[in-house]
Amino acid sequence: MTQVFIDATTLISLGTIGELNLLTTFTGDLVILPLIQDEVTTEPVQTNLTRFIDEYEVRTCDPAIRDRTHQAKTVLGESTENGDVHLIAAVLAYTANNRSIGVVSDDRRVRTTARGLGATVTGTIGVIVRTVDKGLPPRTLRNSSIALTHMAST
């Protein structure tokens with residue numbers, strides 16, 4: 001089964017408008033790593049994220065990344081571990097074993113690197129579009145898009 005790793009950028013966007021449940025349209029196990037959770041520092045996102053993880057039994061660790069952290073730091077040019085490093089470590093670990101992995105992020109560097117290493121990549125708007133494709137009423141897409149646009153302009 002595909003592992004779908006969610007980045008803080010998407011969690012913040014969807015969590016701010018109370019739409020983290022849209023992430024459940026993915027087929028595969030959702031994973032939100034601890035360093036990613038640590039990047040979510042504002043309310044209501046923190047509360048929404050905690051509820052989401054508990055309600056949907058989202059995985060919050062993956063031992064496969066341990067062996068690839070150093071390599072991920074090198075790939076990204078980072079000197080310390082952070083959420084981006086752990087996401088790319090996951091991509092390196094899964095693709096090295098020919099396992100499918102998805103990354104949901106709005107961070108250009110993460111998206112470009114993950115895609116280049118073989119991950120399937122999408123962002124917040126992709127999550128909303130996917131949800132409509134799965135049967136969410138288009139009105140909900142419109143409301144979510146308006147909320148995201150409003151959030152970006154404030």
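Just so we're clear, the structure is a prediction, and the values are computed from it rather than from any experiment. Note on numbering: residues in each chain are counted from 1, in written sequence order. Totals for whole chains, interfaces and linings use all residues, but because this is a predicted model, local features are given only for residues with pLDDT of at least 70 and pairs of side-chain atoms are given and counted only at 80 or more. Values reported for side chains reflect all heavy atoms of the structure, with hydrogen atoms and water molecules removed beforehand.

**Section: the nonpolar core**
- To form a nonpolar core, buried Ala, Val, Leu, Ile, Met, Phe, Trp, Tyr and Cys residues must be joined to one another through side-chain atoms within 4.5 Å. Only protein chains enter the accessibility calculation, which uses a 1.4 Å probe. A residue is then buried if its area is under 20% of the maximum for its type, exposed if over 50%, and partly exposed in between. Core analysis: the biggest nonpolar cluster contains 42 residues, and Phe5, Ile6, Leu11, Leu23, Leu30 and Ile32 have the highest contact counts within it.
- Ranked by the residues each element gives to this core, the list is headed by helix H5 (residues 83-96), at 9 residues. Secondary structure counts use DSSP, requiring at least four H or I residues in a row for a helix and at least two E residues in a row for a strand, with both numbered from the N terminus.

**Thoughts on H5**
- With 14 residues, H5 ought to run about 20 Å at 1.5 Å a step, and its terminal C-alpha atoms sit 20 Å apart, in line with that.
- Within H5, 12 of the 14 residues are buried, which leaves the element mostly enclosed by the surrounding structure.
- Looking at the packing, one finds that the buried side of H5 touches strand E1 (3-6), helix H2 (34-38), helix H4 (69-76), strand E3 (101-104) and helix H6 (108-116).
- Capping of H5 at its N-terminal end is provided by Asn82; its side-chain oxygen lies 3.0 Å from the backbone amide nitrogen of Asp84.
- Looking one or two residues past H5, Asn98 carries a phi angle of roughly 55°, positive in sign. Helix span, as expected, comes to 1.5 Å for every residue beyond the first. Pairs of residues are marked as contacts when any of their non-hydrogen atoms sit within 4.5 Å. The term polar contact refers here to a pair of N or O atoms within 3.5 Å; inside protein, the definition further demands a hydrogen-donor-capable atom paired with an acceptor-capable atom, and it admits residues adjacent in sequence only when both atoms are side-chain atoms.

**Re H4**
- Among the residues making up H4, those that are buried are Thr69, Ala72, Lys73 and Leu76. For H4, the angular spread of the buried residues around the axis is 100°, confining them to a single face. Those residues of H4 that are exposed and angled more than 90 degrees off the buried face are His70 and Thr74.
- On its buried face, H4 is in contact with H5 and H6. In this description, one arc is meant: the one made by directions from the helix axis to the C-beta atoms.

**Quick word on the confidence of the model for the protein**
- Mean pLDDT for the protein: 89, with 88% of residues reaching 70 or above.
- On a scale of 0 to 100, pLDDT captures the predictor's confidence in every residue. Low pLDDT, under 50, characterises residues 149-153; the predicted model gives this stretch 3 contacts beyond four residues in sequence or across chains.

**Quick word on the side chain of Asn82**
- Secondary-structure assignment places Asn82 in the loop between H4 and H5.
- Among the polar contacts listed, one links the side chain of Asn82 to the side chain of Glu78, at a separation of 3.3 Å.
- Discounting residues that sit within four places of it in the chain, Asn82 has contacts with Leu35 and Glu39.

**A word on unusual backbone geometry**
- Cis geometry marks the peptide bond from Glu43 to Pro44; its omega dihedral reads 10°.
- Inspection of the secondary structure puts Pro44 in the loop between H2 and helix H3 (45-56).
- In the Ramachandran plot, Glu57 falls in the positive-phi region, its phi being about 50° despite a non-glycine side chain.
- Considering the arrangement of structural elements, one finds Glu57 in the loop between H3 and H4.
- Taking the relative accessible area as the measure of exposure, Glu57 reaches 69% and is therefore exposed.
- Here the phi dihedral of Asn98 falls at roughly 55°; this positive angle occurs in a residue that is not glycine.
- Note on placement: Asn98 falls in the loop between H5 and E3.

**A short note on the side chain of Gln3**
- Along the chain, Gln3 falls in strand E1.
- A distance of 3.1 Å separates a polar side-chain atom of Gln3 from the backbone oxygen of Met1.
- Not counting residues within four places of it along the chain, the set of residues in contact with Gln3 comprises Asp29, Val31, Arg59, Tyr94, Ser100, Ile101 and Gly102.

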